[in-house]
Amino acid sequence: DGGITQSPKYLFRKEGQNVTLSCEQNLNHDAMYWYRQDPGQGLRLIYYSQIVNDFQKGDIAEGYSVSREKKESFPLTVTSAQKNPTAFYLCASSIRAGGDYGYTFGSGTRLTVV
Amino acid sequence: QKEVEQNSGPLSVPEGAIASLNCTYSDRVSQSFFWYRQYSGKSPELIMSIYSNGDKEDGRFTAQLNKASQYVSLLIRDSQPSDSATYLCAVNWNGGTSYGKLTFGQGTILTVHP
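Caption draft 1: Inspection of the sheet that holds strand 1 (residues 4–6) of chain B at higher detail. Residue and element names in this part refer to chain B. Overall, antiparallel pairing links the 5 strands, which are arranged 1-3-8-7-6 in an open sheet. Looking along the sheet, the strands with just one partner apiece sit at the ends: strand 1 and strand 6 (54–58). With strand direction ignored, the average angle separating the axes of adjacent strands in the sheet is 20°. Bridge count for strand 6 against strand 7 (residues 61–66) is 5 bridges, and the pairing is antiparallel. Paired with Asp55 across the strands is Gln64, a residue of strand 7.

Here it is, written out as structure tokens:
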């Protein structure tokens, strides 16, 4: 079945530690996105990529980094510079850049700082 | 910064009633609109998309778009307890720095009680 796989489902981070969230899609979609969701909040865009080897900052990119070396993969690293990383992280993809077709979401990674 | 506004609710309706969810957006330069449903602890799933003024029906769901009033709504007929979820409105902007990215509202919590 085609879809987006995020791993791990739950992740615990110690203070000062970098962690990487995985996102893989087999939908052959060009564009991929990372969103953050806090309790009772909507989705806020962290980074997005419209094509391999290219990505742009979203609204809340500080403390995060990404790479897009393969069409299928768009990992997100939460660095120690992100002071409040506890949140639900959602990866999404769309057929092409432009968003006209909406997004398909992965099942999410819940990150907690311990 | 383009914005999408929703009443956070909660909106409570009895089983079998029509639930009406509303969304306004800040700029006329927009081209596509989406409604996502998100169950607690899960990722959003696309339930409706609408691109032109008027109504679009899909089963028990009807999306309504009025670009002149910058307003999009979702009607759920014959509401069921299984419709209880958070409903996210998303807008794809047609130009400017927000082009190609969906901007989400904060979501409306819907509760359908038996």
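Caption draft 2: Region of interest: the pattern of salt bridges. Residues and elements named next belong to chain A. Counted under the stated rule, the structure contains 6 salt bridges over all chains. Two residues, Asp38 and Arg44, come together in a salt bridge whose shortest N-O distance is 2.7 Å. Take Asp38: its relative accessible area is 14%, and that puts it in the buried class. When salt bridges that share partners are traced, they join Arg36, Asp38 and Arg44 into one network.

Caption draft 3: Molecular detail of the interface of chain B and chain A. The interface is formed by 21 residues belonging to chain B together with 23 residues belonging to chain A. In this assembly, chain B packs against chain A so that about 1600 Å² is buried in total across both faces, 49% of it on carbon and sulfur atoms. At the junction of chain B with chain A, the criterion picks out 0 salt bridges. Taken together, the elements giving at least two residues each to the side of chain B that touches chain A come down to strand 4 (30–38), strand 9 (85–93) and strand 10 (102–104) of chain B. It is strand 4 of chain B that provides the largest number of residues to the side of chain B that touches chain A, a total of 5 residues.

Caption draft 4: Summary view of the sheet that holds strand 3 (residues 19–25) of chain A. Residue and element names in this part refer to chain A. Reading across the sheet, the 4 strands line up as 1-3-8-7 and stay open at both edges, with antiparallel pairing between neighbours. Both outer strands of the open sheet, strand 1 (4–7) and strand 7 (64–66), are each paired with one neighbouring strand and no more. Sheet twist, expressed as the average angle between the axes of neighbouring strands with direction ignored, equals 20°. With 3 bridges joining them, strand 3 and strand 8 (residues 76–78) adopt antiparallel strand pairing.

Caption draft 5: Representation of the state of the cysteines. All names here are of chain A. The final tally for this structure, using the stated rule, is 2 disulfides over all chains. Here Cys23 engages in a disulfide with Cys91; their sulfurs sit 1.9 Å apart. Around the S-S axis, the bridge from Cys23 to Cys91 shows a dihedral of about -75° and counts as left-handed. Of the two residues, Cys23 sits in strand 3 while Cys91 sits in strand 9 (residues 87–94), which places them 68 residues apart along the sequence. Each member of the pair Cys23 and Cys91 is classed as buried.

Caption draft 6: Up close: the packing of aromatic side chains. With the rule as written, the count across this model stands at 13 aromatic pairs over all chains. On the basis of an interplanar angle of 55° and a centroid distance of 5.7 Å, the ring pair of Tyr36 of chain B and Phe104 of chain B is categorised as tilted. With Tyr36 of chain B in strand 4 and Phe104 of chain B in strand 10, this pair connects stretches of sequence that are 68 residues apart. In this structure, Tyr36 of chain B and Phe104 of chain B share a single accessibility class: buried. Feature note: the residues Tyr33, Tyr35, Tyr48, Tyr103 and Phe105 of chain A together with Tyr36 and Phe104 of chain B constitute an aromatic cluster, connected by ring pairs. Lying over the aromatic face of Phe88 of chain A, Arg110 of chain A brings its terminal NZ or CZ to 4.3 Å of the ring centre. Sitting above the plane of the Phe61 of chain B ring, Arg60 of chain B keeps its charged end 5.6 Å from the centroid.

Caption draft 7: Structural context of the nonpolar core. Counting 24 residues, the largest nonpolar core has Trp35, Val72, Leu74, Ile76 and Tyr87 of chain B as the members making the most contacts within it. Residue contributions to this core peak at 5 residues, all from strand 9 of chain B. Setting aside chain neighbours within four positions, we find Leu74 of chain B in contact with Ala19, Ser20, Leu21, Trp35, Ile47, Met48, Phe61, Thr62, Ala63 and Tyr87 of chain B. Grouped together as the second largest cluster of nonpolar side chains are 19 residues, Val19, Cys23, Tyr64 and Ala87 of chain A included.

About the criteria used
- Residues numbered from 1 in each chain as written.
- Chains lettered and ligands numbered in written order.
- Predicted model: local features only at pLDDT ≥ 70, side-chain atom pairs only at ≥ 80, totals over all residues.
- Heavy atoms only, no water.
- Pairing = 2+ DSSP bridges.
- Helix = DSSP H or I, 4+ residues; strand = E, 2+ residues; numbered from the N terminus.
- Axes fitted to C-alpha atoms, helices over the stretch in contact; angles between N-to-C directions.
- Salt bridge = Lys/Arg side-chain N within 4 Å of Asp/Glu carboxyl O.
- Buried < 20%, exposed > 50% of the residue type's maximum accessible area, 1.4 Å probe, protein only.
- Contact = heavy atoms within 4.5 Å.
- Buried area = accessible area lost by both parts, 1.4 Å probe.
- Disulfide = S-S within 2.5 Å.
- Phe/Tyr/Trp six-rings, centres within 6.5 Å; stacked < 30°, edge-to-face > 60°.
- Lys NZ or Arg CZ within 6 Å of the ring centre and 35° of its normal.
- Core = buried A, V, L, I, M, F, W, Y, C linked by side-chain atoms within 4.5 Å.

Function cannot be inferred from these measures alone, as they are strictly geometric.
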